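Residue-level listing of the chains:
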Amino acid sequence: MEAALFTAQDLACWRAERLVFAEISFTLAPGEALLLTGANGAGKSSLLRVLAGLLPAAEGKLLWNNEDALADRVTHGARLRYLGHQDALKPALSAAENLGFYARLHGGDVPAALEALDLLPLADLPARVLSSGQKRRLALARLALAPCGLWLLDEPTVGLDTASVARLGPLLAAHRARGGMVIAATHLPLPLPDARELRL
Ligand SMILES: Nc1ncnc2c1ncn2[C@@H]1O[C@H](COP(=O)(O)OP(=O)(O)OP(=O)(O)O)[C@@H](O)[C@H]1O
């Protein structure tokens, strides 16, 4: 078995003076995937934000290669892609322009990333006219831009039709095949074979 690359040790999180979760620990090796499941309000989104370094943990540690993952937050931010509930799109920019913004941040080829989510026919439309499923696909197209170590995905398939969920399969598989890790919060089935489950 490969050595752990990303490790969470005894994480706890408070929100609005309520303990949302405690004693959350896991390890992920290159290529592995973890599904976060649990009832509404169990803390899946909060945990993803903690793992992204966007929300401070009340307790616990995050390690990358056995070193403090958050010692340098810019480095941590650069090795992951975080996709929250919101699609983070500028309504007035076209689909291609929205993705171009992320391509300038992360690198990668915009037409190829649009193609990966079957969005080329919509490339020139302003994001405001896209349907909710098309907007979600455009958010997901950021994953197809440039490789990175860890994908943190919050309900990635909400609003997607069956064909679009299927398109996500090869994207996730290619990321894992090159050693990328995935942590996804979901209430829906995801094309992530052999993923472990962490129930909150
Ligand atoms: N910004 C916030 N301020 C205060 N409390 C919050 C905030 N965001 C979330 N919470 C609370 O933290 C708890 C966990 O919320 P979170 O969104 O992490 O759950 P979740 O498991 O992702 O839920 P869902 O399945 O509904 O998406 C909830 O009780 C929620 O009310």
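Residues numbered from 1 in each chain as written. Predicted model: local features only at pLDDT ≥ 70, side-chain atom pairs only at ≥ 80, totals over all residues. Heavy atoms only, no water.

### What to know about the overall build of the chain
For the chain, the count of helices and strands is six helices and nine strands. A globule of 200 residues ought to have a C-alpha radius of gyration of about 16 Å, and the chain, at 17 Å, matches this closely. By principal-axis analysis of the C-alpha atoms, the chain measures approximately 45 × 35 × 30 Å. Across the chain, the fraction of contacts at a sequence separation of at least 24, relative to all contacts at a separation of at least 6, is 71%. (Helix = DSSP H or I, 4+ residues; strand = E, 2+ residues; numbered from the N terminus. Rg over C-alpha atoms; globule rule 2.2 N^0.38 Å. Contact = heavy atoms within 4.5 Å.)

### Examining the side chain of Thr186
Among the secondary structure elements, Thr186 is positioned in the loop between strand E8 (181-185) and strand E9 (196-199). Residue classification places Thr186 among the buried residues on the basis of a relative accessible area of 6%. Here the side chain of Thr186 touches Leu188 through a polar contact of 2.8 Å, landing on its backbone oxygen. The contacts of Thr186, once residues within four sequence positions are left out, are Leu35, Leu36, Thr37 and Glu155. (Buried < 20%, exposed > 50% of the residue type's maximum accessible area, 1.4 Å probe, protein only. Polar contact = N/O pair within 3.5 Å; in protein donor to acceptor, adjacent residues only side chain to side chain.)

### Things to note about helix H6 (residues 162-177)
An ideal rise of 1.5 Å per residue puts 22 Å on 16 residues; H6 measures up with 23 Å between its terminal C-alpha atoms. Those residues of H6 lying buried are Ser164, Val165, Leu168, Gly169, Leu171, Leu172, His175 and Arg176. Buried residues in H6 make contact with strand E3 (33-37), helix H4 (110-116), helix H5 (132-141), strand E7 (150-154) and E8. At the exit of H6 stands Gly179, carrying a positive phi of roughly 95°. (Expected span 1.5 Å × (residues − 1).)

### Quick look at the UniProt feature "domain: ABC transporter" (unreviewed entry) in the chain
Summarizing the sequence annotation, UniProt attributes the feature "domain: ABC transporter" (unreviewed entry) to residues 6-200 in the numbering used throughout. Between the end C-alpha atoms of residues 6-200 the distance is 19 Å, and the span holds 31% helix and 27% strand. (UniProt positions renumbered as here; feature names shortened; annotations may be inferred.)

### Let's talk about the sheet that holds strand E2 (residues 18-28)
Strand pairs in the sheet, formed through backbone hydrogen bonds, run parallel or antiparallel to each other. The strand order E2-E1-E4-E5 describes an open sheet built from four strands, whose pairing is antiparallel. With one partner strand each, in any of the chains shown, E2 and strand E5 (67-68) form the two edges of the open sheet. The strands that helix H1 (residues 44-52) touches are strand E1 (6-15), E2 and strand E4 (59-64); relative to E1, the one it contacts most, it runs at about 125°. (Pairing = 2+ DSSP bridges. Axes fitted to C-alpha atoms, helices over the stretch in contact; angles between N-to-C directions.)

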